[in-house]
Amino acid sequence: MNDFDKMTVSIEKLQPNSQYTIKYSGGTVDENLFNSINWVSSNSLTWTKVKAEMDKL
Amino acid sequence: MALTTVRSTGIGSLPAISGSNLTSLNASNISSGTLNSARFSGGKVVQFIRAVESTTTYHTNTSNTVMFSGTITPTNSNNYILALLTITYEMYGNNSSSTGNANVRIIEGSSNVKADCEIKQSHSANDHVSRHIGGLSGYWQAGGTSELTINVATKLVSGGGRIGIFGSDSNTNASALTLMEIEA
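Residues numbered from 1 in each chain as written. Chains lettered and ligands numbered in written order. Predicted model: local features only at pLDDT ≥ 70, side-chain atom pairs only at ≥ 80, totals over all residues.

Some details on the overall build of chain A
Part 1 of the reasoning: The helix and strand tally for chain A stands at three helices and two strands.
Part 2 of the reasoning: Going from the N terminus to the C terminus, chain A shows its helices and strands as α-β-α-β-α.
Part 3 of the reasoning: Compactness check: chain A gives a C-alpha radius of gyration of 10 Å against a globular reference of 10 Å for 57 residues, within 12% of the reference.
Part 4 of the reasoning: For chain A, with 57 residues in total, the buried portion stands at 19%. (Helix = DSSP H or I, 4+ residues; strand = E, 2+ residues; numbered from the N terminus. Rg over C-alpha atoms; globule rule 2.2 N^0.38 Å. Buried ≥ 20, exposed ≤ 12 C-beta atoms within 10 Å, placed from the backbone.)

Encoded structure:
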């Protein structure tokens, strides 16, 4: 599982059935990438929360 | 008055006169110049458009999400539009019960679905990823001469999973939409 997978898995775990679009063609998974997410459903997650969950995987 | 005989002695070319009565002209003898496409019979390709996905994009949406588009303006409302999609994509479960199962669609405008296929994977665990190539086509009468926007869209069958469409930024076989106007 790469960092991008970890990020989407963490989002799903913390905020199930979230709907969003994200452009990603490789590279660093960081706060900038997280903030580029185009949320279709409402979002209350922060990068800090998501990163903490990613680190558990 | 039509000519009945042409004597070639002393002349290098025919005069500029009507050739409407000429028969047995072999197309193999047309060796230069440009033949107007109007001389071809029905079924010819009038125009060709190719749109390539430039940016790899993922989503988790259960509603139609446009990934990329192409536009074509038919020259005749009776002509047909042939849309050919080649798609490279990734499906991902995101958790132990979700899948990346999704519909891939060719849609004219915002909602006129011209082709639709549900893609499925049998696994759902969040460390299972599958990548595929596929194709989809649509063929329909243009019905007008206004510019048409042809969208490539995907939608997850149910929430939780993820689907991604590869673009030219990360894959040499980027997803692409080929649009052709075919004369009726």
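With respect to unusual backbone geometry
Residue and element names in this part refer to chain A.
Part 1 of the reasoning: Positioned with a positive phi, Asn-17 is a non-glycine residue whose angle comes to about 60°.
Part 2 of the reasoning: With respect to the helices and strands, the residue Asn-17 is situated in the loop between α1 (3-14) and β1 (20-23).
Part 3 of the reasoning: In this structure Asn-17 comes out as partly exposed when scored by C-beta crowding, with 15 C-beta atoms within 10 Å.

Points about the pairing of strand β9 (residues 162-165) of chain B
Residues and elements named next belong to chain B.
Part 1 of the reasoning: On β9, burial covers both faces: Arg-162 and Gly-164 on one face and Ile-163 and Ile-165 on the other are all buried.
Part 2 of the reasoning: Sheet analysis places strand β2 (residues 57-59) next to β9, joined by three bridges and oriented antiparallel. Within β9, the residue paired with Tyr-58 across the bridge is Gly-164.
Part 3 of the reasoning: Direction of pairing for strand β4 (residues 80-92) relative to β9: antiparallel, over a ladder of four bridges. Within β9, the position partnered with Tyr-92 by the bridge is Arg-162. (Pairing = 2+ DSSP bridges.)

Regarding the interface of chain A and chain B
Part 1 of the reasoning: Counting from both sides, the interface comprises 18 residues of chain A and, opposite them, 20 residues of chain B.
Part 2 of the reasoning: With five residues, α1 of chain A is the largest single contributor of residues to the side of chain A that touches chain B.
Part 3 of the reasoning: Taken together, the residues of the side of chain A that touches chain B sort by class into seven nonpolar, seven polar and four charged.
Part 4 of the reasoning: In this structure, β1 of chain A lies alongside β2 of chain B, joined through three bridges in antiparallel fashion. Looking at the pairing, Thr-21 of chain A lines up with His-59 of chain B of β2 of chain B. (Contact = placed C-beta atoms within 7 Å. Nonpolar A, V, L, I, M, F, W, Y, C, P; charged D, E, K, R; others polar.)

Some words on the nonpolar core
Most often, soluble globular proteins have nonpolar side chains that are buried together.
All names here are of chain B.
Part 1 of the reasoning: Counting residues in hydrophobic clusters, the biggest one holds 29 residues, and the most contacted among them are Ala-83, Ile-150, Val-152 and Leu-177.
Part 2 of the reasoning: The set of elements that each furnish at least two residues to this core consists of β3 (65-72), β4, β5 (102-108), β8 (148-156), β9 and β10 (176-182).
Part 3 of the reasoning: Looking at this core, the element that brings in the most residues is β4, giving seven residues. (Core = buried A, V, L, I, M, F, W, Y, C linked by C-beta atoms within 7 Å.)

Details of the environment of Glu-108 of chain B
Residues and elements named next belong to chain B.
Part 1 of the reasoning: You can see Glu-108 is positioned in strand β5.
Part 2 of the reasoning: Here the alpha-carbon distance between Glu-108 and Ser-77, two residues 31 residues apart in the chain, equals 15 Å.
Part 3 of the reasoning: Excluding its chain neighbours within four sequence positions, the residues that come into contact with Glu-108 are Lys-114, Leu-148 and Ile-150.

What to know about the packing of α1 of chain A against helix α3 (residues 47-54) of chain A
All names here are of chain A.
Part 1 of the reasoning: Orientation of α1 relative to α3, taken along the N-to-C sense of each, is 110°, at an axis distance of 9 Å. Comparing their axes, α3 and α1 come out roughly perpendicular. Where α1 approaches α3, its residues Lys-6, Met-7, Ser-10, Ile-11, Lys-13 and Leu-14 are matched on the opposing element by Lys-49, Val-50, Glu-53 and Met-54.
Part 2 of the reasoning: Here the residues of the contact of α1 with α3 sort into five nonpolar, one polar and four charged. (Axes fitted to C-alpha atoms, helices over the stretch in contact; angles between N-to-C directions. Parallel < 35°, antiparallel > 145°, perpendicular 65-115°, else oblique.)

Here we look at the environment of Gln-121 of chain B
Residue and element names in this part refer to chain B.
Part 1 of the reasoning: Here Gln-121 is to be found in the loop between β6 (112-119) and β7 (129-141).
Part 2 of the reasoning: Sequence separation between Gln-121 and Gly-100 is 21 residues, and the spatial gap between their C-alpha atoms is 7.1 Å.
Part 3 of the reasoning: Ignoring sequence-local partners within four residues, the contact set of Gln-121 consists of Met-91, Thr-99, Gly-100, Asn-101 and Ser-130.

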